[in-house]
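Structural description and commentary
Now for the letters of each chain:
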Amino acid sequence: MALICDNGSEMKGSAGRRLSIDVGKGRGASQPVKLYRTLWTCAVEGLVEYVRVVFDLFPGKVKLPVIVASSEAIPLLTLDEPQYLNKLFTKLCDLHQRLDSSPQPVSLQDRLVSAVQLAIRQLDTSTLCRKHIIVLASFHPDRCSTLSEAIEATALCASSQLTRPVPLTVLILNLRQAESQGEPFNSQLPVCSKSVGVTCDIHSVWCGSVVEYMHGLVKQHYNLHCSVVTGIPMKEEQQAGMSANYDVNILHPANILTESDRKGLMLSHRVCVCVCVS
């Protein structure tokens with residue numbers, strides 16, 4: 001598994017999602033400030049959500065190469081170093097210094113091709129199960145065929161040079177603005193597949209639902225399930241002489257339910273579509 005986030009000019013545009021921030025003016029007074037997320041911000045939120053879930057559930061056991069596609073492929077997390085969420089945050093905060101000193105801009109296709117090549121070299125080939133590379137970018141739907149062909153050809157060539165070639169899927173998430181310039185929205189764009197071992201899929205995703213989409217992907221890739229613990233009493237309400245309960249979503253390996261059923265335990269659970277913390 002590897003994650004790539006594009007940082008080209010296409011990602012600098014507004015995502016059309018407003019941030020509501022109050023700036024205090026004196027005591028008790030506040031004035032709303034209109035700020036909007038960029039596509040890059042939405043992409044980073046989705047990337048961090050995926051990494052957070054993996055690091056929380058498999059601390060020290062699963063490593064994720066994380067790469068930024070700019071004028072060069074910039075690794076934020078690699079397999080040959082300890083990985084934790086704070087390190088990713090630090091690398092993201094320091095990223096602007098490296099990007100400011102970058103040379104002339106590079107085309108989207110060249111940026112993604114370079115990043116995919118680096119990601120494949122970073123893949124863990126100790127097992128022969130299918131590997132996944134997730135790419136977050138933004139481009140006009142007319143470029144889908146060209147991009148998918150170039151990236152799939154690159155992935156096929158790079159993966160064939162690995163010590164142990166493994167089946168590989170490159171999933172490109174094309175982030176679209178909330179108001180999509182009047183373009184028809186298609187959640188799954190044409191797929192270009194030339195090889196049984198390497199495939200390239202392109203999905204369009206609303207920028208406002210990137211976190212939910214990435215949460216669904218991590219559940220699929222790591223066979224996770226979301227159970228809900230209900231009826232937990234709120235301590236503060238109890239102290240005030242009131243009765244109030246709340247629910248908690250718990251993400252866990254799906255086989256826990258199977259093992260519990262085998263032991264004859266009755267578990268009340270339901271599938272959680274997504275968990276989004278805002």
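A brief structural summary. (Residues numbered from 1 in each chain as written. Predicted model: local features only at pLDDT ≥ 70, side-chain atom pairs only at ≥ 80, totals over all residues. Heavy atoms only, no water.)

A look at the packing of helix H3 (residues 108-122) against helix H4 (residues 144-160)
At a closest axis distance of 9 Å, the pairing of H3 and H4 adopts a crossing angle of 25°. Judged on the interaxial angle alone, H4 and H3 are roughly parallel. Judged by the twist between their axes, the crossing of H3 over H4 is right-handed. Where H3 approaches H4, its residues Leu 108, Gln 109, Leu 112, Val 113, Val 116, Gln 117 and Ile 120 are matched on the opposing element by Thr 146, Leu 147, Ala 150, Ile 151, Thr 154, Ala 155, Ala 158 and Ser 159. Among the residues forming the contact of H3 with H4, the class breakdown is ten nonpolar, five polar and no charged. (Axes fitted to C-alpha atoms, helices over the stretch in contact; angles between N-to-C directions. Helix = DSSP H or I, 4+ residues; strand = E, 2+ residues; numbered from the N terminus. Parallel < 35°, antiparallel > 145°, perpendicular 65-115°, else oblique. Left-handed = near helix turned anticlockwise from the far one by under 90°. Contact = heavy atoms within 4.5 Å. Nonpolar A, V, L, I, M, F, W, Y, C, P; charged D, E, K, R; others polar.)

Quick notes on unusual backbone geometry
Despite not being glycine, Asn 223 has its phi angle at roughly 50°, a positive value. When you line up the elements, Asn 223 lands in the loop between helix H5 (210-221) and strand S9 (224-233).

Digging into the pattern of salt bridges
On inspection of all chains with the given rule, the structure shows six salt bridges. Between Arg 52 and Glu 49 there is a salt bridge, and its shortest N-O distance comes to 2.9 Å. Residue Arg 52 and its partner Glu 49 are located together in helix H1 (residues 39-57), separated by three residues, close to a single helical turn. Taking relative accessible area as the criterion, Arg 52 reaches 27% and is therefore assigned partly exposed. Looking at Glu 49, the relative accessible area reads 8%, which means it is buried. One salt bridge connects Lys 87 with Glu 81, and the closest N-O pair in it is separated by 3.7 Å. Counted as one network, the salt bridges with shared partners bring together Asp 6, Glu 10 and Arg 111. (Salt bridge = Lys/Arg side-chain N within 4 Å of Asp/Glu carboxyl O. Buried < 20%, exposed > 50% of the residue type's maximum accessible area, 1.4 Å probe, protein only.)

Focus: a nonpolar patch on the surface
Taken together, the side chains of Val 229, Tyr 246, Val 248 and Ile 250 define a hydrophobic patch exposed on the protein surface, amounting to about 280 Å² of accessible area. Considering every element that reaches the nonpolar patch, the biggest residue donor is strand S10 (residues 245-253), with three residues. Relative to the helices and strands, Tyr 246 resides in strand S10. (Patch = residues over 30% accessible without salt bridge, like charges linked within 9 Å, V, L, I, M, F, W, Y side chains within 5 Å. Areas by Shrake-Rupley, 256 points an atom, 1.4 Å probe, with all protein chains shown as cover.)

Considerations on the environment of Ser 14
With respect to the element layout, Ser 14 can be found in strand S2 (residues 14-24). Given a relative accessible area of 37%, Ser 14 falls into the partly exposed group. Between the alpha carbons of Ser 14 and Arg 37 there is a distance of 6.0 Å; along the sequence they are 23 residues apart. If sequence neighbours within four positions are ignored, Ser 14 has contacts with Tyr 36, Arg 37, Thr 38 and Gln 177.

A closer look at the sheet that holds strand S7 (residues 168-176)
Read across the open sheet, the six strands follow the order S5-S4-S1-S6-S7-S8; overall the sheet is mixed. Looking at strand neighbours, the two that pair on one side only are strand S5 (73-77) and strand S8 (198-206), the edges of this open sheet. Each neighbouring strand pair of the sheet contributes to a mean axis angle of 20°, computed without reference to strand direction. Note: S7 against S8, nine bridges, orientation parallel. Within S8, the position partnered with Asn 174 by the bridge is Ser 204. (Pairing = 2+ DSSP bridges.)

Overview of H1
Along its 19 residues, H1 runs 28 Å from first to last C-alpha, staying within 8% of the 27 Å computed at 1.5 Å per residue. By the criterion of burial, H1 is predominantly enclosed, with 14 of the 19 residues buried. (Expected span 1.5 Å × (residues − 1).)

Topic: the environment of Gly 46
Inspection of the secondary structure assignment puts Gly 46 in helix H1. Using a relative accessible area of 0% as the deciding quantity, one classes Gly 46 as buried. Apart from residues lying up to four places away in sequence, Gly 46 is in contact with Val 210, Val 211 and Met 214.

Looking at the packing of H1 against H5
Between H1 and H5, the least distance of the axes is 8 Å, while the angle of their chain directions is 30°. The angle between the axes of H1 and H5 places the two elements in the roughly parallel class. Like other packed secondary-structure pairs, H1 and H5 cross with a definite hand, here right-handed. Residues Cys 42, Glu 45, Gly 46, Leu 47, Glu 49, Tyr 50, Val 53 and Val 54 of H1 form the contact with H5, whose own contacting residues are Val 210, Val 211, Met 214, His 215, Leu 217, Val 218 and His 221. Broken down by class, the residue content of the contact of H1 with H5 amounts to ten nonpolar, three polar and two charged.

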